[in-house]
Structures are given as structure tokens and as C-alpha cells.
Amino acid sequence: MSRSVLKVILGLLMRVLYRPVVEGVEHIPGDGPVIVAGNHVTFVDSLFLSLVVERQVYFIGKDEYVTGKGLKGRLMAWFFTTCGMIPVDRDGGHGGVAALMTGRRVLEEGRIFGIYPEGTRSPDGRLYRGRTGVARLALMTGAPVVPFAMVGTDKVQPGGSGMLRIAPVTIRFGRPLEFARYEGMDRDRYVLRAVTDEVMSEVMRLGGQEYVDMYATKAKAA
């Protein structure tokens, strides 16, 4: 009930303030496990994604978002978990494995799992090389991958600032990508790279971003 109420309220505000253009959402299957994979330019991407997809989308978030103290901390925890965030400690040595296993569990329960293959927000608005977690999940679970692209959310929250601005937003979904031809090959690094690159190619086509064949984390460090 709380999710439905929150989605109605936030969805109304979003339509009034941002009037987002949503294209291809019909490509998301109405039931069964689905991976939605897209670009990540700012913090509000997950919020827009959750509001435009009818089914609940689950995604990984930093556990610090739900561990705050006092009333503010409890409200933040309620908000993020209601929006579909599953808190995971990604800073530890096993953070990547925990995130992968969490995604696998969500998909095996027949739900939608949202993932940003770049692994972090783009530091400059360009699209960076995808990490192979999305491929591992697709091959381990057999779930189709629906690529998507967020266009304009970087203007809503420029530089990741706390203040949101009014700007046009477009969210495009592509046709589901199936990888049954690679069944049983989820440990083959060449297959994982090929699957990931196919997903990222579709994300690039949908969003029109310049592609950089480098991990975003390395670009940030540089």
C-alpha cells in the first residue's frame, strides 16, 4: 500500500513538473524475471525509472541510505526501500558478489531488477564501458535484458547536486535482448564481455551518448 501511495503522489508531481516522455515501456514483459539495464548520469535516475515502470523495479543502493539515525533516518529508509532499493554494503571486499547474488535472488523470484552496467554515475555525461555483472545475471537466470536510456536527467540534477531543477526528461526502452544462445557459459569471460557490449551498444543507440571504452571508475580516478 505504501508503495502505491508513494508512486501516485510522486508520479503526479513528476508529470506536472517534468512531463517526461516515455518511449517503448511496452517492451517490458508484464510478468516474469526481467533485467532493465541503462545509463546512469545522476542520482534521480532510479526514481524516474521506478515511477515510469508499472511493475516494481528493485535495484541495489548503498546501505548508508537506510542506516541514518532519528526521524530523518527512518524517513529516508522508508522512502528508499519503498522505491525498491535493496541496501548492500558495496564498499567491502565482497560488495560486488553481494550485489550480484542479490540481483540473482530478485530475478529468481520473478521480479524486475534494475542495473547500471557502468557501475557508477558517469562523471561527464558520456557513456562508459559496462561491467560484466549484467551479463552474468542474464546468463545465470535466463532473464531477458531490456535496455533503457535516461535523457535529460543530468539537467534535473546537474553535477549530482541536492537541488532539483525543472528540465525535460525522456526515458527510452528498447526491445528485450535474449541470450539463450550462451546458456551455460556464464563463466566464459569472452562471452560475458560480448553480452555486456551488446547491451551497452543498445543503451548508446537509445540515448545517443558518446561512448568511452574505459570504466567510469577509472575516469573518475584520473
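Residues numbered from 1 in each chain as written. Predicted model: local features only at pLDDT ≥ 70, side-chain atom pairs only at ≥ 80, totals over all residues. Heavy atoms only, no water.

The chain is annotated in an unreviewed UniProt entry as 1-acyl-sn-glycerol-3-phosphate acyltransferase from Actinacidiphila epipremni.

This part is about the overall build of the chain. For the chain, the helix and strand inventory stands at eight helices and nine strands. Computed over the C-alpha atoms, the radius of gyration of the chain is 17 Å, within 12% of the 17 Å expected from 2.2 N^0.38 for a compact globule of 222 residues. Each principal axis of the C-alpha atoms in the chain carries an extent, and together these give about 45 × 40 × 35 Å. Residues counted as buried form 47% of the 222 residues belonging to the chain. A separation of at least 24 residues holds for 78% of the contacts in the chain among residues at least 6 apart in sequence. Between the mean site of the 29 positive side-chain charges and the mean site of the 23 negative ones, the chain shows a separation of 5 Å. (Helix = DSSP H or I, 4+ residues; strand = E, 2+ residues; numbered from the N terminus. Rg over C-alpha atoms; globule rule 2.2 N^0.38 Å. Buried < 20%, exposed > 50% of the residue type's maximum accessible area, 1.4 Å probe, protein only. Contact = heavy atoms within 4.5 Å. Lys, Arg positive; Asp, Glu negative; His and termini not counted. Charge placed at Lys NZ, Arg CZ, Asp CG, Glu CD.)

Here we take up the environment of G61. Positionally, G61 belongs in strand β3 (residues 57-62). Once residues within four sequence positions are removed from consideration, G61 is found in contact with M85, I86, P87 and V88.

Further remarks concern the sheet that holds strand β4 (residues 85-88). In spatial order, the strands read β1-β8-β7-β2-β5-β3-β4; together these seven strands make up an open sheet with mixed pairing. Here the strands that pair on one side only, and so sit at the sheet edges, are β1 (21-23) and β4. Strand-to-strand, the axes of this sheet are offset by a mean angle of 25°, without reference to chain direction. Relative to strand β5 (residues 112-115), β3 runs parallel, the two being bridged by three bridges. By the bridge assignment for β5, V57 is matched with I112. Running over the sheet, helix α7 (residues 189-207) touches β2 (34-38), β7 (145-151) and β8 (170-173) and is turned about 35° from β7. (Pairing = 2+ DSSP bridges. Axes fitted to C-alpha atoms, helices over the stretch in contact; angles between N-to-C directions.)

Ranked by size, the top nonpolar core spans 28 residues in total, and within it I35, F113, I115, L137, V145, F179 and V199 carry the most contacts. Those elements that place two or more of their residues in this core are β2, β4, α4 (95-108), β5, α5 (133-141) and α7. Here this core takes six residues from α7, the largest share from any one element. Beyond its immediate sequence surroundings of up to four residues, V145 is in contact with I35, A37, V134, A138, R175, P176, L177, F179 and V199. In terms of nonpolar packing, the next biggest core, distinct from the first, is built from 25 residues, L49, V53, C83 and V156 among them. (Core = buried A, V, L, I, M, F, W, Y, C linked by side-chain atoms within 4.5 Å.)

With that settled, consider unusual backbone geometry. As a rule of thumb, non-glycine residues mostly have phi less than zero, and peptide bonds are mostly trans rather than cis. The backbone phi angle of R19 is positive, close to 45°, even though this residue is not glycine. Looking at where R19 falls in the secondary structure, it is placed in the loop between α1 (2-17) and β1.

Below, the discussion takes up the packing of α5 against α7. Between α5 and α7, the least distance of the axes is 8 Å, while the angle of their chain directions is 105°. Taken together, the axes of α5 and α7 are roughly perpendicular relative to one another. Between α5 and α7, the contacting residues are V134, A135, R136 and L139 on the first element and V191, L192, V195 and T196 on the second. Classifying every residue of the contact of α5 with α7 by side-chain character gives six nonpolar, one polar and one charged. (Parallel < 35°, antiparallel > 145°, perpendicular 65-115°, else oblique. Nonpolar A, V, L, I, M, F, W, Y, C, P; charged D, E, K, R; others polar.)

Our next topic: the packing of aromatic side chains. Enumeration over the complete set of coordinates arrives at three aromatic pairs. Ring centres of Y116 and F148 lie 6.3 Å apart, and the angle between their planes is 70°; on these two criteria the pair is classed as edge-to-face. Linking Y116 in the loop between β5 and β6 (127-128) with F148 in strand β7, this pair joins segments that are 32 residues apart in sequence. Accessibility assignment for this pair places Y116 and F148 in one class, buried. Centre to centre, the rings of F148 and F173 are 6.0 Å apart; their planes meet at 45°, and the pair counts as tilted. One end of the pair, F148, is in strand β7; the other, F173, is in strand β8, and 25 residues separate them in sequence. The pair formed by F148 and F173 is uniform in burial state, with each residue classed as buried. The ring of Y215 carries R131 above its face, with NZ or CZ at 4.0 Å from the centroid. (Phe/Tyr/Trp six-rings, centres within 6.5 Å; stacked < 30°, edge-to-face > 60°. Lys NZ or Arg CZ within 6 Å of the ring centre and 35° of its normal.)

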